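A closer look at the structure
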Amino acid sequence: MVGSLAVPVFAPAQVDPLFGLSLSVLLFLAGAGLIVGEALAPGTHFFVLGVALLTAGLVGLFIPASLGILAPVILTVVVLATTAVTLWGYRKLDFAAPGRGQTLSSDSLKGQFGVVTERVTKSEGQVKLEDGGFNPYYQARSIDGTIEEGEEVLVVDPGGGNVLKVERVAAAGDDIDRALERDRERSTESEKA
């Protein structure tokens, strides 16, 4: 009986459930998990993919199985478009204050002031910069001697942004010199903007 052969219908949006959940629900949960991961480890860009997967999961819940092969194409377009828009928006977000939340390049760190959080020597240490961006903590090395925890420092060489070379502010001048330097840096930044 040839007429009784049934051809299986492929429904991409309704893939066999995994753990009892549809693909759309799994995408939604994965996206939500990545957004939570971003909250736990800020700056990792989990947020971008998380929003894309969350959106794809929501859209997938409303795509009928009758669309056939068109369903995964729609989900792909949704993921790519959402990723592009979210990445663009994420990079434009300024968490602290205008001009302070982002470090645009390692050169923008030169002349920044900070405080030593872990004793700085020529081979190790850490500082927290006043205008250091979303994560103001940087590895630092002293250009001369040891700088103790709590002392104020000035970035003299950003070194590509990974490891900063700093000097004790007392070596850089007095309070008036530091205030003038800060004003010069801010006026230079406002002229660039």
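These numbers were taken from a predicted model, which means no experiment stands behind them.

What counts, and where the lines are drawn
Residues numbered from 1 in each chain as written. Predicted model: local features only at pLDDT ≥ 70, side-chain atom pairs only at ≥ 80, totals over all residues. Heavy atoms only, no water. Patch = residues over 30% accessible without salt bridge, like charges linked within 9 Å, V, L, I, M, F, W, Y side chains within 5 Å. Areas by Shrake-Rupley, 256 points an atom, 1.4 Å probe, with all protein chains shown as cover. Salt bridge = Lys/Arg side-chain N within 4 Å of Asp/Glu carboxyl O. Helix = DSSP H or I, 4+ residues; strand = E, 2+ residues; numbered from the N terminus. Buried < 20%, exposed > 50% of the residue type's maximum accessible area, 1.4 Å probe, protein only. pLDDT = per-residue confidence, 0-100. Contact = heavy atoms within 4.5 Å. Pairing = 2+ DSSP bridges. Axes fitted to C-alpha atoms, helices over the stretch in contact; angles between N-to-C directions. Core = buried A, V, L, I, M, F, W, Y, C linked by side-chain atoms within 4.5 Å. Parallel < 35°, antiparallel > 145°, perpendicular 65-115°, else oblique. Left-handed = near helix turned anticlockwise from the far one by under 90°. Lys, Arg positive; Asp, Glu negative; His and termini not counted. Polar contact = N/O pair within 3.5 Å; in protein donor to acceptor, adjacent residues only side chain to side chain.

A cluster of nonpolar side chains, contributed by Phe28, Leu29, Leu58, Leu61 and Phe62, occupies part of the molecular surface with about 500 Å² of accessible area. Among the elements of the structure, helix H1 (23-40) and helix H2 (46-62) are those that each provide at least two residues to the nonpolar patch. When residues of the nonpolar patch are assigned to their parent elements, the largest contribution, three residues, is made by H2. By the element assignment, Leu58 lies in helix H2. We classify Leu58 as partly exposed; its relative accessible area is 38%.

The next subject is the confidence of the model for the protein. Per-residue pLDDT for the protein averages 76, and the proportion of residues at 70 or more is 71%. Mean pLDDT across the secondary structure elements of the protein bottoms out at helix H4 (residues 169-172), with 66, and peaks at strand S1 (residues 113-118), with 90. This model gives residues 7-15 a pLDDT under 50, and the stretch forms 12 contacts once residues within four places in sequence are excluded.

Moving on, we come to the pairing of strand S2 (residues 126-129). In terms of strand pairing, S1 meets S2 through four bridges, oriented antiparallel. Within S2, the residue paired with Val115 across the bridge is Lys128.

With mixed pairing, five strands are arranged side by side around a closed barrel as S1-S2-S3-S5-S4. Across this sheet, the average inter-strand angle for adjacent strands is 55°, counted without regard to direction. Bridge analysis of S2 against strand S3 (residues 137-142) gives three bridges, and the strand direction is antiparallel. Note on S3: the bridge partner recorded for Gln126 is Gln139.

Across soluble globular proteins, nonpolar side chains show a tendency to be buried alongside one another. Grouped together as the largest cluster of nonpolar side chains are 12 residues: Leu109, Val116, Val120, Val127, Leu129, Tyr138, Ala140, Ile147, Val153, Val155, Leu164 and Val166. Among the secondary structure elements, those contributing two or more residues to this core are S2, S3, strand S4 (152-157) and strand S5 (163-168). With residues near it in sequence (within four places) discarded, Val116 still touches Gln126, Val127, Ile147, Glu148, Glu149, Gly150, Glu151 and Val153.

The next subject is the packing of H1 against H2. Viewed as axis vectors pointing N to C, H1 and H2 meet at an angle of 155°, and their least axial separation amounts to 7 Å. In terms of orientation, H1 and H2 fall into the roughly antiparallel class. For the pair H1 and H2, the sense of crossing is left-handed. Along its contact with H1, which presents Ser24, Val25, Leu27, Phe28, Ala30, Gly31, Ala32, Leu34, Ile35, Gly37 and Glu38, the element H2 presents Phe46, Phe47, Leu49, Gly50, Val51, Leu53, Leu54, Ala56, Gly57, Leu58, Gly60 and Leu61.

Here we take up the side chain of Arg141. Of note, Arg141 is situated in strand S3. The buried charged residue Arg141 lacks any salt bridge partner; its closest oppositely charged side chain belongs to Glu124, at an N-O distance of 7.1 Å. A distance of 3.1 Å separates a polar side-chain atom of Arg141 from the backbone oxygen of Ser123. Not counting chain neighbours up to four residues away, the residues in contact with Arg141 comprise Val120, Thr121, Lys122, Ser123, Glu124, Gly125, Val163, Leu164, Lys165 and Val166.

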